[in-house]
Amino acid sequence: MRRKVIFGNKLLPYLLLAPQLIVTAIFFFWPAAEAIRYSFLRQDAFGISVMFVGLENFQDLFADERYLQVVWNTIWFSFWVTVLSMGVALLLAVLADRHIRGRDTYRTLLIWPYAIAPAIAAVLYIFLFHPSLGLLGRALNGFGVPWDYRLNGDQAMLVVILAAAWKQVSYNFLFFLAGLQSIPKSVLEAAAIDGASPSRRFWTVIFPLLSPTTFFLLVINITSAVFDTFGIIDALTGGGPGNATQTMIYRAYVDGRVNLDLGSSAAQSVVLMIAVMALTLVQFRFIERRVHY
Amino acid sequence: MSQAQPAIAAPVPLAAEAPRRRRFLGADLTTHVILLLGVVLFALPIWIVLMGSTHDAATIGRGEVPLLPGSEGWNNYATAWSEGNTRRASVPVSTMMFNSAVMALLITVGKLAISITSAYAVAFFSFPGRMLCFWAIFITLMLPVEVRIFPTFQVVSDLGMVNTYQGLIIPLIASATATLLFRQFFLTIPDELVEAAKMDGAGPMRFFKDIVLPLSATNIAALFVILFVYGWNQYLWPLLVTTSTDVETIVIGIVKMLGAEADTEWNIVMATTVLALLPPVAVVILMQRWFVKGLTETEK
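Thresholds applied
- Residues numbered from 1 in each chain as written.
- Chains lettered and ligands numbered in written order.
- Predicted model: local features only at pLDDT ≥ 70, side-chain atom pairs only at ≥ 80, totals over all residues.
- Helix = DSSP H or I, 4+ residues; strand = E, 2+ residues; numbered from the N terminus.
- Rg over C-alpha atoms; globule rule 2.2 N^0.38 Å.
- Buried ≥ 20, exposed ≤ 12 C-beta atoms within 10 Å, placed from the backbone.
- Axes fitted to C-alpha atoms, helices over the stretch in contact; angles between N-to-C directions.
- Parallel < 35°, antiparallel > 145°, perpendicular 65-115°, else oblique.
- Left-handed = near helix turned anticlockwise from the far one by under 90°.
- Contact = placed C-beta atoms within 7 Å.
- Nonpolar A, V, L, I, M, F, W, Y, C, P; charged D, E, K, R; others polar.
- Domains from an automatic or database assignment.

(A) Inspection of the overall build of chain A at higher detail. Each helix and strand in chain A was counted, giving 12 helices and 2 strands. Going from N to C terminus, chain A has its helices and strands arranged as α-β-β-α-α-α-α-α-α-α-α-α-α-α. Its C-alpha atoms give chain A a radius of gyration of 24 Å, clearly above 19 Å, the size a compact globule of 293 residues would have. With the C-alpha coordinates aligned to their principal axes, the bounding extent of chain A is approximately 75 × 75 × 30 Å. Out of the 293 residues in chain A, the part that is buried amounts to 42%.

Below, the structure is given as structure tokens:
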């Protein structure tokens, strides 16, 4: 789509675009190209010579059981964060959409966690789940459940999932609420007059009409669970114990910044780029269909 | 994305439900109970740090998890604000808050400024390479900083921008999302308006300043909230490009304070946490109306 009436200046549009394009070229395209280049190279142990190794970095990566574990961690983590945060958000949105007293107050009280940084959410969760300082952690130990997420990998995974889902609920809540409010009231009235029970109305009328929102959120939630949760994991568990809570981003960070294994880190970046591209394409294909919907 | 804003129907009570008032009172009660549980679920972690921040370190260290206010609040906040973590040489929270505020505001203003001008160029001009420029901006959606961690650091370090505000801010100010939103909005400005302005002799910059900017006020307000929260909450990027405490942000600072557990002043950490989440939460709540509208329209 484009406008019919436009301005005729020749130079001005380039000047207007220049800042954005310069920043994009220097800090997006250049590093991305470097990542691709490095992913085919390997440095010797002293960082003196560099040689071309073809796809070896990728082969090593996927032959490494620890990396496969990290990929699995990422999938497991993203799956549960998405399911939990979307489930809770949908329930709260359906209820907040009812005509009850104080619905605006509820909305305000349910959206503010959007503003909390992932790393800060992690700090809040330390005070909930720390085995000797946290409210719930102490209670669990008091009831005889041996609870220490710093030593037990499954418990560590549970805590990072809960913290990440907790932070994501308000975002999903807002979208579900907007989706619910855009369903024409006449459709709901028709279903009610036909005698459909509230739960039947939900599953046969509301839920199908919400499916565009649900699908959109599904993609966004998976993307954000994979890419925006570095702070939660770094502050809560540091990827540990062992590498029980290491995700792909965390591992790329550790290999690039701490272990200085540039070839492997770059290969991991390329894998992540392909993942983002796939997710973005799914999202936009869907949006295109949605416009015709 | 180009969809019209959904009309929100007025709350008309469903006719069929009128005779069943009593059952619906029960349903209302359940609704309130579950919503209140949701509110508590969100508020409890904050309540714990808020109350904890008013007690002394020993109380927290013993694991008492106070749920009522104590008497040390003023001391804790004053210590955190002016000294930070006293047991290790650390940065005062006031410095970190200042760094976070500078970073968040400059990222926000920078993103808004370069996005609105590039969207204006793409929407109101015809020039060779127009679609190429648009796609170049668009494709950055697929290159978040997380996937190019090390090479981006390398570039910033080659440019000598490690440990500077420039290094913290400039790499983050390109924004495909904001550009797309502004472009979308500009396409809805009627051709007649542009025609009239041209006939009155207004040049493109005059039109931008007198017509486009004022019309964009709501969009700018909405994006301000989203981008401010984004900027304030940055973690991975500041962790990569700052090693000096001079430019340390509050979100990084708290995680550093956690450090070795035995050596952590938990009450100070709690006070710092409250201070760190105050500005973005305040922005979201105070500008809620624009934020909600902006968020649900931007990202679709």
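Once you've had a look at it, read on.
(B) Spatial organisation of the packing of helix α4 (residues 93–124) of chain B against helix α11 (residues 217–232) of chain B. All names here are of chain B. Interaxial distance between α4 and α11 falls to 8 Å at its minimum, and their mutual angle equals 140 degrees. If you check the angle between α4 and α11, you find them oblique. You can see that α4 and α11 cross each other, and the crossing is right-handed. Between α4 and α11, the contacting residues are S100, M103, A104, I107, T108, K111 and L112 on the first element and I220, L223, F224, L227, F228, G231 and W232 on the second. Residue composition of the contact of α4 with α11, grouped by class: 10 nonpolar, 3 polar and 1 charged.

(C) Highlighting the packing of α4 of chain B against helix α8 (residues 176–186) of chain B. All names here are of chain B. As a packed pair, α4 and α8 sit with axes 8 Å apart at the nearest point and diverge in direction by 45 degrees. Taken together, the axis directions place α4 and α8 in an arrangement best described as oblique. Considering the relative orientation of α4 and α8, their crossing is right-handed. Counted together, K111, L112, S115, I116, S118, A119, Y120, V122, A123 and F124 of α4 and A178, T179, F182, R183 and F186 of α8 form the full contact between these two elements. Among the residues forming the contact of α4 with α8, the class breakdown is 10 nonpolar, 3 polar and 2 charged.

(D) Quick peek at the environment of G259 of chain B. Residues and elements named next belong to chain B. Looking at the secondary structure, you find G259 in the loop between α13 (250–258) and α14 (266–286). With 14 C-beta atoms counted inside 10 Å, the residue G259 sits in the partly exposed group. When the C-alpha positions of G259 and V283 are compared, they lie 30 Å apart, and in sequence the two are 24 residues distant.

(E) Fine view of the domain arrangement of chain B. All names here are of chain B. By the assigned domains, chain B splits into domain 1 (16–82) and domain 2 (93–298). Measuring from the centre of the C-alpha atoms in domain 1 to the corresponding centre in domain 2 gives 32 Å. Between domain 1 and domain 2, the contact holds 16 residues from the first and 12 residues from the second. Contributions of two or more residues to the side of domain 1 that touches domain 2 are made by α1 (21–52), α2 (57–61) and α3 (73–82). Element by element, the count of residues in the side of domain 1 that touches domain 2 is highest for α3, at 6 residues. Of the residues belonging to the side of domain 1 that touches domain 2, the class tally is 7 nonpolar, 7 polar and 2 charged.

(F) Fine view of unusual backbone geometry. You will see that N163 of chain B, though not glycine, has its phi angle at about 60 degrees, which is positive. Within the secondary structure, N163 of chain B sits in the loop between α6 (149–158) and α7 (165–169).

(G) Here's a closer look at the interface of chain A and chain B. Taken together, the contact pairs 87 residues of chain A with 89 residues of chain B. Top element by residues in the side of chain A that touches chain B is helix α1 (residues 12–38) of chain A. It accounts for 18 residues. For the side of chain A that touches chain B, the per-class residue count stands at 64 nonpolar, 13 polar and 10 charged.

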